[in-house]
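# Close look at the chain arrangement
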Amino acid sequence: MAGAGLASRLYRGEAGLDIVGRRRVWFSVAATLAMISVLSFAFLRFDLGIEFAGGNSIQVPASVGTLEQAEETVDAALAAEGGGAEVVTAQKVGGTGDDFYEMRTSQLSAEQANAVKAAVAQEFGIPVGDVGGEQVSQAWGSQVTERAVLGLLIFLVLVMVYLVLRFEWRMAVGAVASLLMNLILTAGIYSLVGFEVTPSTVVGFLTILGFALYDVVVVFDKVQENTRGITANNNQTYGEAANLAINQSLMRSLNTSIVALLPVGGLLFIGAGLFGAGTLKDLGLVLFVGMAVAFFSSITLATPLLVLLKNQEPRIQAHNKRVLARRAALERGESSAKNAPRPVESPAEQIDPETAALAGAAPRVGARPAGKRPSGGRGGRSGGGGNRPGGKRR
């Protein structure tokens, strides 16, 4: 029942989670995670694929046996050639009927690569032509990295311009900080797990930026709606209005994230884990982690950082002081009738001015009529002298 009640309050935006009020806690958590990610970059580093580090790729048909057998055979052929080359990664690639094992090795000369392919073909009893191979230069990976960094910078600049035009520069700063934190944490987890960095990984990093930006814009749009004209009343501080916006948009962001994570999770855990499609794990992991981190960073980092920046604005500072001073006066019982909130009228009492004018001084229920008193024998007075002394009787 408690869980159902919480879910219902979340849907109505009435959960009352104090996200902004505990922004120091969230900032500390974000700083700690960022530090762990940076240390991971420095000590564990990234497992670069041959597209970035350079090397050779040897493909063997999956019909020769298991992946372990193929890897051991290629390792033995490399050891026989000397030079210290070894298999860096091994994975199964391809679809039904066309599966093959791909072993990625360190850099080999053309003669060494041909000798290794001949030895592998002889070991498995297959034609040399069935053993594929290619050499990848490190320069190609450098070009991919440079273009990815350039694309990231262009994306961030466009995001800044859009958010400044759509909202304001403080929201742009909060959104970009959330995006950068998203990239750092995702890269840190990728480094800790030890997955190989491939071009698919780079594509995944650029993809999660769009999802993270969408989540931030959804929250900021609600913040803008709640804080529009906030200085005209003394009921809420800017931080309280922003925190209410988070609660009101929390369930929407959560639903969007879950719906997006389900297919990505299937890509990662079923495609790469269950079916062994190794080419999917690089893209699947970065998308799954990036989308999950984007939800938390947009809620716990972007909006609290926005409130921190807005509270430095003199206009908002003065407004917040008025709100707090009014509350202190109400608590002490010193609020005047002028500053006291007007009681909410019931629907029956909410009469428009035109109806009130037509009604005039309508008598209340049970009140004595305010019209002319009856004249005649019941003691009422006529317009003339009536029963006054000296008056004329009828």
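Okay, so let's go over this structure. Residue numbers here run from 1 along each chain, matching the order of that chain's written sequence. Only residues with pLDDT of at least 70 are given local features in this predicted model, and only at 80 or more are side-chain atom pairs given and counted; all residues enter the totals for whole chains, interfaces and linings. Water and hydrogen atoms were dropped before computing side-chain values, which therefore reflect all heavy atoms in the structure.

## A closer look at the pairing of strand β4 (residues 100-105)
Only protein chains enter the area calculation, which uses a 1.4 Å probe; residues under 20% of their type maximum are buried, those over 50% are exposed, and those in between are partly exposed. Runs of H or I in DSSP of at least four residues are treated as helices and runs of E of at least two as strands, each being numbered from the N terminus. Most of β4 sits inside the fold, with five of its six residues counted as buried. The sheet contact formed by strand β2 (residues 55-61) and β4 spans six bridges and is antiparallel. Within β4, the residue paired with I58 across the bridge is M103. What makes two strands pair is DSSP finding at least two bridges between them. Bridge count for strand β3 (residues 87-93) against β4 is six bridges, and the pairing is antiparallel. Within β4, the position partnered with T89 by the bridge is R104.

## Overview of the packing of helix α4 (residues 67-81) against helix α5 (residues 110-124)
Helix-helix packing is described using two parameters, namely the angle between the two axes and the distance between the axes. Where α4 meets α5, the closest approach of the two axes is 9 Å, and the angle between their N-to-C directions is 135°. Judged on the interaxial angle alone, α5 and α4 are oblique. With respect to the hand of their crossing, α4 and α5 are arranged in right-handed fashion. Residue-level contacts link Q69, A70, T73, V74, A77, L78 and E81 of α4 to Q112, A115, V116, A119, V120, E123 and F124 of α5. Gly is put with the polar residues, along with every residue not named as nonpolar or charged; the nonpolar set is Ala, Val, Leu, Ile, Met, Phe, Trp, Tyr, Cys and Pro, and the charged set is Asp, Glu, Lys and Arg. For the contact of α4 with α5, the class distribution of residues is nine nonpolar, three polar and two charged. Only C-alpha atoms enter the line fits that serve as axes; for helices the fit covers just the stretch in contact. Angles between N-to-C directions range over 0 to 180 degrees. If an angle is under 35 degrees, it is roughly parallel; if it is over 145, roughly antiparallel; if it lies from 65 to 115, roughly perpendicular; otherwise it is oblique. A clockwise turn of the near helix away from the far one marks a right-handed crossing, whereas an anticlockwise turn of less than a right angle marks a left-handed crossing. Residues count as neighbours in contact if any of their non-hydrogen atoms are within 4.5 Å of one another.

## Looking at the nonpolar core
Within the largest apolar cluster, 57 residues are counted, with the highest numbers of intra-cluster contacts made by L163, M171, L179, F220, V223, Y238 and I299. For this core, the elements supplying multiple residues, two or more each, are α2 (23-43), α6 (138-166), α7 (169-193), α8 (199-227), α9 (238-274) and α10 (278-310). Here this core takes 13 residues from α10, the largest share from any one element. If near-sequence neighbours (up to four positions away) are discounted, I299 is found in contact with I19, V219, I246, L250, S253 and P304. Listed in part, the 18 residues of the second largest apolar core include I58, L78, M103 and V120. Take the buried residues of types Ala, Val, Leu, Ile, Met, Phe, Trp, Tyr and Cys, join any two whose side-chain atoms come within 4.5 Å, and each joined set is a nonpolar core.

## Here's the deal with the packing of aromatic side chains
For this analysis, a ring pair means two rings from Phe, Tyr or Trp (six-membered ring only for Trp) whose centres lie within 6.5 Å, classed as stacked if their planes differ by under 30 degrees, edge-to-face if by over 60, and tilted for the remaining angles. The full count for this structure, using the stated rule, is four aromatic pairs. On the basis of an interplanar angle of 75° and a centroid distance of 5.1 Å, the ring pair of F295 and F296 is categorised as edge-to-face. A relative accessible area of 52% means that F296 is categorised as exposed.

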